[in-house]
Amino acid sequence: MSHAPTGTEPAQPPPGDDHAFFGQPRGLMTLSGLEVWERFSFLGMQAILVLFFADTVSNDGMGMDPGTAASVSAAYGTLVYLVSVAGGWLADRILGSYRAVLYGGVLIACGHYAMAVPTATMTWVGLGLISAGTGLLKPNVASMVGKLYRTEDQRRDAGFALYYMGINIGAFAGPLITGWLGEHAGWHWGFSAAAVGMTLGLIQYVAGRRHLAGRKHAAEYALAPAPMRRAVLTIAAGVVVAALVATALALAGWLTMDRFVDVLTLVSVIAPVVYFAVMFRSPRVTPEERGRLRPYVVLFLASVVFNFILFQAYSTMMLLASTNARTEIFGFHFPASWYASALGAFEVALAPVVAAVWARMGPRQPHASNKIAIGVILGGLSFLLMVIPTSGHADDTYKMAAWWIVGSYLLLGLGDILLETSGMSATTKLAPKAFASQTMALWFLSLALANGIQAQIVKLYGEVSNPAYFGVNGAIAVAAGVAVIAAAPWLKRTMHPVH
């Protein structure tokens, strides 16, 4: 497919911006601020979504059984990350990063406002808009952060650390606000708070646009005019046809919610298989690069296993917290959805500690594959920990102490820091040069597959005992992490230049 760069160098922000934000470019404040509010809205909504699905219709919920509620919530996550793959391509070829992020933010805000309307139809419309918007915004904000720095700029890693701290601040604050409103004022008030948060993020993004490198350019590798017209028409026609077919199948009674979830899971499995097959067979991939792809498949699968556990922090763990966990600490009562904030809080607190430990260890720090393996094991242990408080009860009326779930999230947060940072770094270094601009797509496919598998497995939640559910899933994750450690000699040998 033909394409042409839109310019030799991106437009640079004002020179005075270079060290204006904690020694970083001022544009980092704009992008970090956007991510704070985007994660506030996305994870704030995610924290109450499964509870909203599982609540009774008389209480403004959707009346789903717990397993179905968790499955539909996971399917929504699958759709978000599948669309993110397309979002990266649209920014590269048609919209440009600035416009992709702007349009994505507008769609997300509209989606949250739609969910604030207390009807089932508007709930599904809202989730569709949020999926499309997040798919445009999420993969492109990080690339805009990278454009703030020249290749040789030593501040890049520190800048990304500040950026990811912003993500976790939003992850911490979102469930606190939406959770309190959702459980005290009504679920749709919680969704309204998410809508306001995303609106604030958009306002500061547009207000700070002059500090963003490259914002005046269109797509960096824009299609030529004729192919672009064909691509736009094809995309528009495809969306219309897909909507018509889905509507017809739904009216005919074939496209049920269960089947829609199954289709998304199938797509999440097929997409990475096709992606890897294309890379392995591509004539643009050298034999050396093909050799590095093999160990990456192992790391990709490790990411799938870990994120299968991680994403349940917002589904089965929320359901467990709402029914079987005490919602008070030191006499202070709080909504069950506040447990989700613990994950963001731990990641904010532990990320600089982990970074300092690695810096102190220097060349003695573990290999990237071992960091990823330890992260997977910690994820498994977070589920195995839940076997203890859920065992030995005659019925389901018991209430466990809050510290059990908080402890589980502590293990999960630490595992997330180890895996996500090392995994993303390994992805950028192991991907073939011909596919370098699509490395984020690879990572998002692992998240989509994790959600797709989760959408099927969580159907067992409530059907089997809680100790069995958390014990088996946790044990599988621990076994997967141990397997990656066992493969460490081969991974170290084949993953060069990753250390």
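Per-chain numbering applies: the sequence of each chain, read as written, is numbered from 1 onward. Thresholds applied to this predicted model are a pLDDT of at least 70 for local features of residues and 80 or more for the giving and counting of side-chain atom pairs; totals over whole chains, interfaces and linings are not thresholded and use all residues. Calculated side-chain values reflect all of the structure's heavy atoms, with hydrogen atoms and water omitted.

Q: What is the right way to read the overall build of the protein chain from this model?
A: Summing up its helical and strand segments, the protein chain has 17 helices and four strands in all. Sorting the 499 residues of the protein chain into buried and exposed places 50% on the buried side. Within the protein chain, contacts between residues at least 6 apart in sequence are counted, and of these 82% link residues at least 24 apart. Residue burial considers only the protein chains on display, and all accessible areas are found by Shrake-Rupley using a 1.4 Å probe. Surface exposure of the protein chain reaches about 21,500 Å², of which carbon and sulfur atoms provide 68%. Numbering of helices and strands runs from the N terminus, with a helix taken as a DSSP run of H or I at least four residues long and a strand as a DSSP run of E at least two residues long. Think of it in three bands: with a 1.4 Å probe and only protein chains considered, a residue is buried below 20% of the maximum accessible area for its type, exposed above 50%, and partly exposed in between. Only heavy atoms enter the contact rule, under which two residues are in contact if any of them lie within 4.5 Å.

Q: What should I look at first to understand the confidence of the model for the protein chain in this one?
A: It should be kept in mind that the predicted coordinates are not to be read in detail where pLDDT is low. Of the residues in the protein chain, 89% have a pLDDT of 70 or more, and the chain-wide mean is 83. Within a predicted model, pLDDT stands for the predictor's per-residue confidence, ranging from 0 to 100. pLDDT under 50 marks residues 1–10. Its contacts with residues more than four places away, or in other chains, come to 24 contacts.

Q: What's the story with the pattern of salt bridges in this structure? I'm lost.
A: Here the idea is simple: oppositely charged side chains can pair when their charged atoms come close. By salt bridge we mean one thing: a side-chain nitrogen of Lys or Arg within 4 Å of a carboxyl oxygen of Asp or Glu. Summed over all chains, the structure comprises four salt bridges. When the shortest N-O distance is used, the salt bridge between Glu35 and Lys138 registers 3.1 Å. Of this pair, Glu35 sits in helix H1 (residues 26–54) while Lys138 sits in helix H4 (residues 120–147), placing them 103 residues apart in sequence. In this structure, Glu35 and Lys138 share a single accessibility class: buried.

Q: Help me understand the environment of Leu449 in this model?
A: Mapped onto the elements of the fold, Leu449 is located in helix H15 (residues 439–457). Of the residues examined, Leu449 reaches a relative accessible area of 10% and is grouped as buried. Aside from chain neighbours lying at most four places away, what touches Leu449 is Ser268, Val269, Pro272, Phe300 and Val304.

Q: It is not clear to me how the packing of aromatic side chains should be interpreted in this structure. Could you clarify?
A: The geometry of an aromatic ring pair is captured by two quantities: the separation of the ring centres and the angle between the planes. Only the six-membered ring of Trp is used, alongside the rings of Phe and Tyr, when aromatic pairs are assigned; centres must lie within 6.5 Å, and planes under 30 degrees apart are stacked while those over 60 apart are edge-to-face, with the rest tilted. Scanning all chains against the criterion turns up 18 aromatic pairs. Each ring, one from Trp37 and one from Phe40, has its centre 5.3 Å from the other, and the planes form 65°; the classification is edge-to-face. Placement of both Trp37 and Phe40 in helix H1 is noted, with a separation of three residues, approximately one turn of the helix. Overall, Trp37 belongs to the partly exposed group, its relative accessible area being 28%. Look at Phe383 and Phe470: their rings are 4.9 Å apart centre to centre, the planes differ by 75°, and that puts the pair in the edge-to-face class. You can see Phe383 sitting in helix H12 (residues 368–385) and its partner Phe470 sitting in helix H16 (residues 466–486), a full 87 residues away along the chain. Note on Phe383: relative accessible area 1%, which makes it buried. Aromatic rings pair up to connect Phe52, Phe53, Trp124 and Phe191 into one cluster.

Q: Can you walk me through unusual backbone geometry in this structure?
A: Note on backbone geometry: most residues besides glycine have negative phi, and most peptide bonds are trans. At Asp60, a residue that is not glycine, the phi angle is positive and equals roughly 70°. Positionally, Asp60 belongs in the loop between H1 and helix H2 (66–95). Residue classification places Asp60 among the partly exposed positions, given a relative accessible area of 45%.

Q: Even after reading the chapter, I still don't get a nonpolar patch on the surface, so can you show me in this structure?
A: In this scheme, patches are assembled from residues that exceed 30% relative accessible area and form no salt bridge. Like charges are connected within 9 Å, while nonpolar side chains (Val, Leu, Ile, Met, Phe, Trp, Tyr) are connected within 5 Å. A contiguous nonpolar surface patch, about 510 Å² in accessible area, is contributed by Leu266, Val269, Ile270, Val273, Val274 and Val278. The residue Val269 is located in helix H8 (residues 257–281) in this model. By relative accessible area, Val269 is classed as partly exposed at 37%.

Q: How do you make sense of the side chain of His112 when you look at a structure like this?
A: Mapped onto the elements of the fold, His112 is located in helix H3 (residues 97–115). Classification of His112 as buried rests on a relative accessible area of 0%. Those residues in contact with His112, other than ones at most four positions away along the chain, are Ser41, Phe42, Met45, Ile130, Phe191, Ala194, Ala195 and Met198.

Q: Could you clarify how one ought to interpret the side chain of Asn451 in this entry?
A: Among the structural elements, Asn451 can be located in helix H15. In contact with Asn451, not counting residues within four places along its chain, are Ala74, Gly77, Thr78, Tyr81 and Phe311.

Q: Is there a simple way to explain the packing of H1 against H4 in this structure?
A: When two helices pack together, you describe them by how their axes are tilted relative to each other and by the distance separating the axes. The axes are straight lines fitted to the C-alpha atoms, using for helices just the contacting stretch, and the angles between their N-to-C directions are given from 0 to 180°. Where H1 contacts H4, the two axes come as close as 11 Å, and the packing angle between them is 150°. In terms of axis orientation, H1 runs roughly antiparallel to H4. In terms of crossing hand, the pair formed by H1 and H4 is left-handed. Between H1 and H4, the residues in contact are Leu28, Leu31, Leu34, Glu35, Glu38, Arg39, Phe42, Met45, Leu49, Phe52 and Phe53 and Thr123, Trp124, Leu127, Ile130, Thr134, Leu137, Lys138, Val141, Met144 and Val145, respectively. Residue classes in the contact of H1 with H4 are distributed as 15 nonpolar, two polar and four charged. We call two directions roughly parallel when the angle between them is under 35 degrees, roughly antiparallel when it is over 145, roughly perpendicular when it lies between 65 and 115, and oblique otherwise. Here is the rule for handedness: rotate from the far helix to the near one, and if that takes an anticlockwise turn smaller than a right angle the crossing is left-handed, while a clockwise turn gives right-handed. Charged residues are taken to be Asp, Glu, Lys and Arg, nonpolar residues to be Ala, Val, Leu, Ile, Met, Phe, Trp, Tyr, Cys and Pro, and polar residues to be all remaining types, Gly included.

Q: Sorry, what's going on with the environment of Asp60 here?
A: On a C-alpha basis, the gap between Asp60 and Thr119 in space is 8.9 Å, while along the polypeptide they are 59 residues apart. When neighbours within four sequence positions are excluded, Asp60 is seen to be in contact with Phe52, Trp187 and His188.

Q: Would you mind showing me how to read the nonpolar core here?
A: Nonpolar side chains in soluble globular proteins tend to be buried together. Ranked by size, the top nonpolar core spans 93 residues in total, and within it Met45, Leu49, Tyr339, Ile405 and Tyr409 carry the most contacts. Once residues lying within four places of it in the same chain are set aside, the contact partners of Tyr409 are Ala313, Met317, Met318, Tyr339, Ala340, Ala342, Leu343 and Phe346. The criterion is simple. A nonpolar core is a set of buried Ala, Val, Leu, Ile, Met, Phe, Trp, Tyr and Cys residues joined through side-chain atoms within 4.5 Å.

Q: Mind showing me how you'd approach the packing of H2 against H4 here?
A: At a minimum axis separation of 6 Å, H2 and H4 run at an interaxial angle of 45°. It follows that H2 is oblique to H4 by the angle criterion. As for the relative orientation of H2 and H4, their crossing is right-handed in sense. Mapping the contact onto sequence places Val72, Tyr76, Leu79, Val80, Val83, Ser84, Gly87, Gly88, Leu90, Ala91 and Leu95 in H2 and Trp124, Leu127, Ile130, Ser131, Ala132, Thr134, Gly135, Leu136, Pro139 and Asn140 in H4. Class assignment of the residues belonging to the contact of H2 with H4 gives a composition of 14 nonpolar, seven polar and no charged.

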